[in-house]
Amino acid sequence: MTANGAQAPAVRPPAIELKNIDKRFGPVHANRAISLSVPAGTIHGIVGENGAGKSTLMSILYGYYQADSGEIWVDGKLTKIDDPGDAIAAGIGMVHQHFMLVDTFTVLENVVLGVEGGLLLRAGMDKARKELKRLEREYKLEVDIDAVVGDLSVGLRQRIEILKALFRGANVLILDEPTGVLTPAEADHLFRILRVLKQEGKTAILITHKLREVMAATDNVSVMRRGEIVGSVRTADTSPPQLAEMMVGRKVLLRVERRPAKPGRTVLEVDGLAVIDGHGVERVKGVSFQVRAGEVVGIAGVAGNGQSELIETIAGMRAPSGGRILLNDREISSPKSHLSPRDLRGLRLAHIPEDRLRMGLIAPFAAHDSAILGQQGRDVYNRNLMLNQGAIVTSCADNMQRYDVRPSDPKLASINFSGGNQQKIVLAREIEVDPEMLLVGQPTRGVDIGAIEFIHRRVLELRDAGKAILLVSVELDEIMGLADRILVMNEGRVVGELKSEDADENKLGLLMAGISSKAA
Amino acid sequence: MAASRDTPAWVDLVLLPALNLAAAFVVAGLVILVLGENPVKAMGILFYGAFGYGEAVGFTLYYATSFVFAGLAVAVAFHAGLFNIGGEGQAYLGGLGAGLVCLFLGGLPPILVVPLAMVASALFGAAWAYIPGYLQARRGSHIVITTIMFNFIAAALMTHLMVNVLIKPGQQSPESREFDPGTWMPFVHELAAKFAIAVAKSPLNLSIVLAIAVSIFVWLFLWRTRWGYALRVVGHNETAAVYGGIAPAKVIIGAMALSGALAGLVGVNEIMGVQHRLILNFTGGVGYVGIAVALMGRNHPIGIALAALLFGALYQGGTELSFDMPKLTKEVVVVIQGLVILFCGAFEGMFRPQILAMLRRRRLQAAAAAGA
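Just so you know, these numbers come straight off a predicted model, no measurement behind them. Chains are numbered independently. Their residues run from 1 in the order of the written sequence. As a convention, the first chain written is A and the first ligand written is 1, with the rest following in written order. Local features are withheld for residues below a pLDDT of 70 in this predicted model, meaning they are given only at 70 or higher, and side-chain atom pairs are given and counted only at 80 or more; totals for whole chains, interfaces and linings count all residues.

Colleague: How should the overall build of chain B be read in this particular structure?
Modeller: We count a stretch as a helix when DSSP gives it H or I for four or more residues in a row; a strand needs E for two or more, and each element gets its number in order from the N terminus. Helix and strand counts for chain B come out as 17 helices and zero strands. Computed over the C-alpha atoms, the radius of gyration of chain B is 23 Å, within 12% of the 21 Å expected from 2.2 N^0.38 for a compact globule of 372 residues. C-alpha atoms of chain B, sized along the principal axes, occupy 85 × 60 × 40 Å. A radius of gyration in this sense is built from C-alpha atoms; the matching globule rule multiplies 2.2 Å by the number of residues raised to 0.38.

Colleague: Before we go on, may I ask you to explain the overall build of chain A in this structure?
Modeller: For chain A, the helix and strand inventory stands at 18 helices and 22 strands. At 25 Å, chain A has a C-alpha radius of gyration in line with the 24 Å of a compact globule built from 520 residues. Overall, chain A is about 75 × 50 × 45 Å in size when its C-alpha atoms are taken along their principal axes. Once C-beta atoms are placed from the backbone, each residue is buried if 20 or more other C-beta atoms lie within 10 Å of its own, exposed if 12 or fewer, and partly exposed for counts between those two. Going through the 520 residues of chain A one by one, you find that 46% of them count as buried. It is the C-beta atoms, placed from the backbone, that decide contacts: two residues are in contact if theirs lie within 7 Å. Put simply, 67% of the contacts in chain A that link residues at least 6 apart link residues at least 24 apart.

Colleague: Could you clarify how one ought to interpret the interface of chain A and chain B in this entry?
Modeller: Interfaces are often described in size by the accessible area the parts lose on coming together. Of the residues lining the interface, 27 residues belong to chain A; the matching set on chain B comes to 19 residues. It is helix α11 (residues 341-346) of chain A that provides the largest number of residues to the side of chain A that touches chain B, a total of three residues. Broken down by class, the residue content of the side of chain A that touches chain B amounts to 16 nonpolar, eight polar and three charged. When residues are grouped by polarity, Ala, Val, Leu, Ile, Met, Phe, Trp, Tyr, Cys and Pro land in nonpolar, Asp, Glu, Lys and Arg in charged, and all others, Gly among them, in polar.

Colleague: Explain unusual backbone geometry here, please?
Modeller: A negative phi holds for most residues other than glycine; trans holds for most peptide bonds. Of note, the amide linkage connecting Arg406 of chain A to Pro407 of chain A takes the cis form, showing an omega dihedral of -10°. Residue placement: Pro407 of chain A occurs in the loop between α14 (389-402) and α15 (419-431). Residue Asp434 of chain A is not a glycine yet carries a positive backbone phi of 55°. Mapped onto the elements of the fold, Asp434 of chain A is located in the loop between α15 and β19 (437-441). We classify Asp434 of chain A as exposed; it has 10 C-beta atoms within 10 Å. At His276 of chain B, a residue that is not glycine, the phi angle is positive and equals roughly 60°. If you trace the backbone, His276 of chain B turns up in the loop between α13 (266-275) and α14 (286-296). Take His276 of chain B: there are 19 C-beta atoms within 10 Å of it, and that puts it in the partly exposed class.

Colleague: What am I meant to see in the domain arrangement of chain A here?
Modeller: Along its sequence, chain A is organised into domain 1 (13-248), domain 2 (253-348 + 435-520) and domain 3 (360-433). As annotated, the domain borders come from an automatic or database domain assignment. One C-alpha centre belongs to domain 1 of chain A, the other to domain 3 of chain A, and the line joining them spans 37 Å.

Colleague: What's the story with the pairing of β19 of chain A in this structure? I'm lost.
Modeller: For a regular strand, side chains alternate in direction, first toward one face of the sheet and then toward the other. Residues and elements named next belong to chain A. With five of five residues buried, β19 lies mostly within the body of the structure. Residues of β19 alternate between two faces, with Met437, Leu439 and Gly441 on one and Leu438 and Val440 on the opposite face, all of them buried. Strands are treated as partners if at least two bridges between them are detected by DSSP. For strand β16 (residues 349-352) and β19, the ladder comprises four bridges, and the chain directions are parallel. Bridge pairing links Ala350 to Leu438 in β19. Handedness rule for crossovers: strands pointing away from the viewer, path from the first strand over the helix to the second running clockwise, crossover right-handed. Of the crossover connections in this fold, the one passing from β19 over helix α16 (residues 449-464) to the parallel strand β20 (residues 468-472) is right-handed.

Colleague: Honestly, helix α7 (residues 184-199) of chain A in this entry has me stumped. Any pointers?
Modeller: For an α-helix, the turn length of 3.6 residues means that residues three or four places apart are oriented alike. Residues and elements named next belong to chain A. Working rule for helices: expected span equals 1.5 Å times residues minus one. In this model α7 runs 23 Å from its N-terminal to its C-terminal C-alpha over 16 residues, within 8% of the 22 Å that 1.5 Å per residue would give. Considered for burial, the residues of α7 that qualify are Glu186, Ala187, Leu190, Leu194 and Leu197. Each buried residue of α7 sits inside an arc of 100° when the element is viewed along its axis, so together they form one side. Picture the helix axis, draw a direction to every C-beta atom, and the arc is the one those directions span.

Colleague: I'm lost on the pairing of strand β4 (residues 69-74) of chain A in this one. Help?
Modeller: Residues and elements named next belong to chain A. As paired strands, strand β1 (residues 16-25) and β4 are joined by five bridges and run antiparallel to one another. The residue of β4 that forms the bridge with Ile16 is Val74. With three bridges connecting them, β4 and strand β5 (residues 77-79) associate as antiparallel partners. The residue of β5 that forms the bridge with Ile72 is Thr79. Taking the residues between adjacent antiparallel strands as the criterion, β4 and β5 are bridged by two residues, where Asp75 takes a positive phi near 50°.

Colleague: How should the sheet that holds strand β10 (residues 228-234) of chain A be read in this particular structure?
Modeller: Sheet strands pair via backbone hydrogen bonds, and the direction of the pair is either parallel or antiparallel. All names here are of chain A. Taking strand neighbours across the sheet as the criterion, the six strands line up as β6-β7-β8-β3-β9-β10 in an open arrangement whose pairing is mixed. Because the sheet does not close on itself, it has two edges, and the strands there are β6 (92-95) and β10. Taken pair by pair, the neighbouring strands of this sheet meet at an average axis angle of 20°, ignoring direction. Bridge count between strand β3 (residues 43-48) and strand β9 (residues 220-225): five bridges; the pairing is parallel. Bridge pairing in β9 links Gly48 to Met224. Inter-axis angles, ranging from 0 to 180 degrees, are taken between N-to-C directions of lines fitted to C-alpha atoms, where helices are fitted over the stretch in contact. Relative to the sheet, helix α6 (residues 154-167) contacts β6 and β7 (172-176), its axis offset from that of β6 by approximately 165°. Its contacts with the sheet put α7 on β3, β7 and β8 (203-208), and the angle it makes with β8 is roughly 150°.

Colleague: Can you walk me through the environment of Ala147 of chain A in this structure?
Modeller: Residue and element names in this part refer to chain A. Note that Ala147 resides in the loop between α5 (121-138) and α6. As a C-alpha pair, Ala147 and Gly91 span 56 residues in sequence and 27 Å in three-dimensional space. When neighbours within four sequence positions are excluded, Ala147 is seen to be in contact with Thr106, Val107 and Leu152.

Colleague: Looking at this model, I keep getting lost on the sheet that holds strand β22 (residues 493-499) of chain A. Mind explaining?
Modeller: Residues and elements named next belong to chain A. An order of β16-β19-β20-β13-β21-β22 is seen for the six strands of this open sheet, with the pairing classed as mixed. The open sheet has two free edges, formed respectively by β16 and β22, since each of these has just one partner strand. The average undirected angle you get between the axes of adjacent strands in this sheet is 15°. Pairing of β19 with β20 involves five bridges; the strand directions are parallel.

Colleague: Even after reading the chapter, I still don't get the environment of Lys202 of chain A, so can you show me in this structure?
Modeller: Residues and elements named next belong to chain A. If you trace the backbone, Lys202 turns up in the loop between α7 and β8. Taking the C-alpha atoms as reference points, Lys202 and Glu49, separated by 153 residues in sequence, lie 27 Å from one another. Residues within four places of Lys202 in sequence aside, it is in contact with Asn171, Leu173 and Leu197.

Structure below.
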């Protein structure tokens, strides 16, 4: 380092330099001799599939884990980072995927939490307020520091996390999958903030699996696969297909080919549906639409605009407060009575839930036990009073073969599969009973690119086989790639319907943000 | 990655419990030393008192029988995500159920009345747990609070019944009359005598066979039936249960009833097996020991059987110990039991990091050796 520094004193040393970082978890080699250099004042993307070692690497940099061997250099100095305190002291800040904020506190209170600066709050608070105002203005964060966090949107909360890191003196910001919960507009705003930070000389490391964002926001990008860095390139010199190929190790179709739909009779009819959630808030407000056999209807929208409640009500998990739902012209749900998820499975309605760990699987159960959830009463899985263990394990093993689940071990606990493989287990369970109507929520959330291709193909195969499919996704690419018709939800209402050939990101984005289709 | 960080099964199931138990006895030894007794000798007496001779083994197994019922009761509720603290009261009521049948239907042939009394003990226990289960599922009253309160209600109810209703006329102490001998659970030593096998006299009775049968039933039920599956799904993830078409409220009520039925069977061992009449406080804290037994036994029938045996040995050996070493009073024996619960329950994972670090070092050395 010193040699370099002596030759070119004007050039800043790399903000972060990792040398031969190695980390094992038991038999898993999570990081193999990783060397990475992040020049100061740049935005550096790190992409890779789940389990490629991105999060482990960043956790080592932020002090959650210690590397088995290797060195971390910060600003040209060899730095020992044993816990997050050391990382913060070295000027490294982390913006977590899941925000670490107290909902009932104001922005100011949240930011000073842990660094109040003395026994009495007042003095520290006043100083903090001044400093925060300065930071907020300088980096154009547009946050009201006296607002209560619980009242703020997801995008704003993320900016508070950034503010928190900056307040603690961060020069390097690690952002872990920052756009997973943002609208396209919010994501754009985030990238604008990152560019301002860059101009001010700060460095950002962006961990993501969305190639579009890497292309839009970064200067350099490193690709990880199986614990190794398989390449670091300048973003300007690469392309999404090339990155995808590096990530997966083979050519990947980013958009599965789709033939025109041949819609048949109406299978599902939702008529004026309204749903009130457990807190008494009306989450779905008079939604009507139909899904016909042989078509995919997509519901786009920012997470939390009533899509979850809509799909759960159709699946029989919630009672509507108004309207009704018909399946094959039979009323299955109205405020007076509704069929249970069990009854609906009997009517050949399948449901791939949007949150597989909260709903689709039982985390500590063996895969074969998760693979019968909702179907534990089926004859094939029972013999007299007992479950037919042999049949259950065999059927699970068969499905694992067919859906290429890895490792194909039915006895392994569900939680120990990667996201994509968990999703395939759920997919196999729901599809293999040959449903007529399929509800699909966020089918590729947290799923690897390779598995996304597989899942998308499967969904389209089912459509071509004449199934009616309702797809909810916050990923615009996914909606545009799969759906024949797209409904956009905003604050519990369907604010627009587009044919897939008429849809583009711009139109959808405006609708999602609640700007009416006429204006768009 | 999560899997690789898991401990190997033999470490979890054999090494760690053994280490925890050893640690508990080391600390217990220190306590005994401070009290001015020889710890090695004391432990010797404890062990001999529990397993050293026929009568001791009989007593140990008799205690263990009740602990198995109480432990299984806690475990079944636990798998449904419920903490049933009410085993004590459910066992108490279970004894009442068995006692009422024995008192009022005692004239029937044994082949009829014994099973009937067993069913009654389970039904009474189940009914006593059903109410907190119902309140939890339909009214949101927390099961821990209600089951604790139901222990007190059970105690008050039994006192009232024993003092005012079931008391044998013309005596002072609140006991019922002795049951008809046809209703007694046969003692193991008497049964063995019929086959000319000499077994030391002890309270051990055929309830232990029931305990073994019920343990197998619980295992089959939880892991091999769709109802047990539904119960475990609710216990792990209620949202997933709803998604899977399982109604959590029904499962919660059913699980509590089953849990109460198991606890109620304690009454078979105590009332039909040993006391042969209804008395006050025959449960003597068995329901609470069941919590420790289930905790130590990892809520699995095999673990529960082993933990019940351990606690049975502590009870029996401890009694002998305080008898032989007067300085070590009954309270000191409770301290030893407490230490076992502390180390095997609360500090259950205390040695795990060290063991894992040791394993990792050995693996790295092995890998280095292989590499070189």
